[in-house]
Amino acid sequence: QVRLVESGGGSVQAGGSLELSCGKSEYTRYTQHCLAWFRQPPGKEREAVATSGSDGSTTYADSVKGRFTISKDNANNILSLQMTNLKPDDTGMYYCAALFYRSTCTFNSEDFGWWGQGTQVSVSS
């Protein structure tokens, strides 16, 4: 059973780092899949942060390129997001998401059928 459980959120000052993890996705059971991190800043719509496809591809939102790294631990079915040089604009609820039976990733949240409950990231200036 696919369950997405995020962990690792917290409060940091600008310039700091955090690592988010998403477990229990069982994504290795699906040959074709896309895993992603989304975030929802306060008062704004949910937006894509980064994706990792079963074809080995990764994509990033322009706002996080060079600062965030998405990665997968296939042995333990864990998706991670390493965030460095955090900025106040990175504040928000972060969600991991998954879609299966499709190898190409998308930034469209409506394409993802499985979501975690979210973990809060707060960055102060």
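The rules we used
Residues numbered from 1 in each chain as written. Predicted model: local features only at pLDDT ≥ 70, side-chain atom pairs only at ≥ 80, totals over all residues. Heavy atoms only, no water. Salt bridge = Lys/Arg side-chain N within 4 Å of Asp/Glu carboxyl O. Helix = DSSP H or I, 4+ residues; strand = E, 2+ residues; numbered from the N terminus. Buried < 20%, exposed > 50% of the residue type's maximum accessible area, 1.4 Å probe, protein only. Core = buried A, V, L, I, M, F, W, Y, C linked by side-chain atoms within 4.5 Å. Contact = heavy atoms within 4.5 Å. Phe/Tyr/Trp six-rings, centres within 6.5 Å; stacked < 30°, edge-to-face > 60°. Lys NZ or Arg CZ within 6 Å of the ring centre and 35° of its normal.

## Some words on the pattern of salt bridges
The tally for this structure, following the rule as stated, stands at five salt bridges. For the salt bridge of Arg 39 with Asp 90, the shortest nitrogen-to-oxygen distance reads 2.9 Å. Of this pair, Arg 39 sits in strand 4 (residues 33-40) while Asp 90 sits in the loop between strand 8 (78-83) and strand 9 (92-100), and the two are 51 residues apart along the sequence. The pair Arg 39 / Asp 90 is uniform in exposure class, with both members buried. The shortest N-O distance in the salt bridge between Arg 102 and Asp 111 comes to 3.7 Å. Under the relative-accessibility criterion, Arg 102 is labelled partly exposed at 33%.

## Focus: the nonpolar core
Ranked by size, the top nonpolar core spans 26 residues in total, and within it Trp 37, Val 49, Phe 68, Leu 81, Met 83 and Tyr 94 carry the most contacts. Only strand 3 (18-23), strand 4, strand 5 (47-53), strand 7 (68-73), strand 8, strand 9 and strand 11 (119-124) provide two or more residues apiece to this core. Among the elements that take part in this core, strand 9 stands out by supplying four residues, more than any other. Beyond its immediate chain neighbours, meaning those up to four positions away, Val 49 contacts Trp 37, Phe 38, Arg 39, Thr 59, Tyr 60, Ala 61, Val 64, Phe 68, Leu 81 and Tyr 94. Ala 36, Ala 97, Leu 99 and Phe 112 belong to the second-largest nonpolar core, a separate cluster that totals seven residues.

## Considering the packing of aromatic side chains
Tallying each qualifying case throughout the model produces seven aromatic pairs. Put simply, the rings of Tyr 30, Phe 100, Tyr 101 and Trp 114 pair up and form one aromatic cluster. Taking the ring centre of Tyr 95 as reference, the NZ or CZ of Arg 46 above it sits at 4.1 Å. It is Arg 46 that lies over the ring of Trp 115; its NZ or CZ is 4.5 Å from the centre.

## Examining the environment of Arg 102
Residue placement: Arg 102 occurs in the loop between strand 9 and strand 10 (114-115). For the pair formed by Arg 102 and Tyr 30, sequence separation is 72 residues and the distance between their alpha carbons is 9.2 Å. Look past the residues within four positions of Arg 102 in its chain and what remains in contact with it is Gln 32, His 33, Cys 34 and Asp 111.

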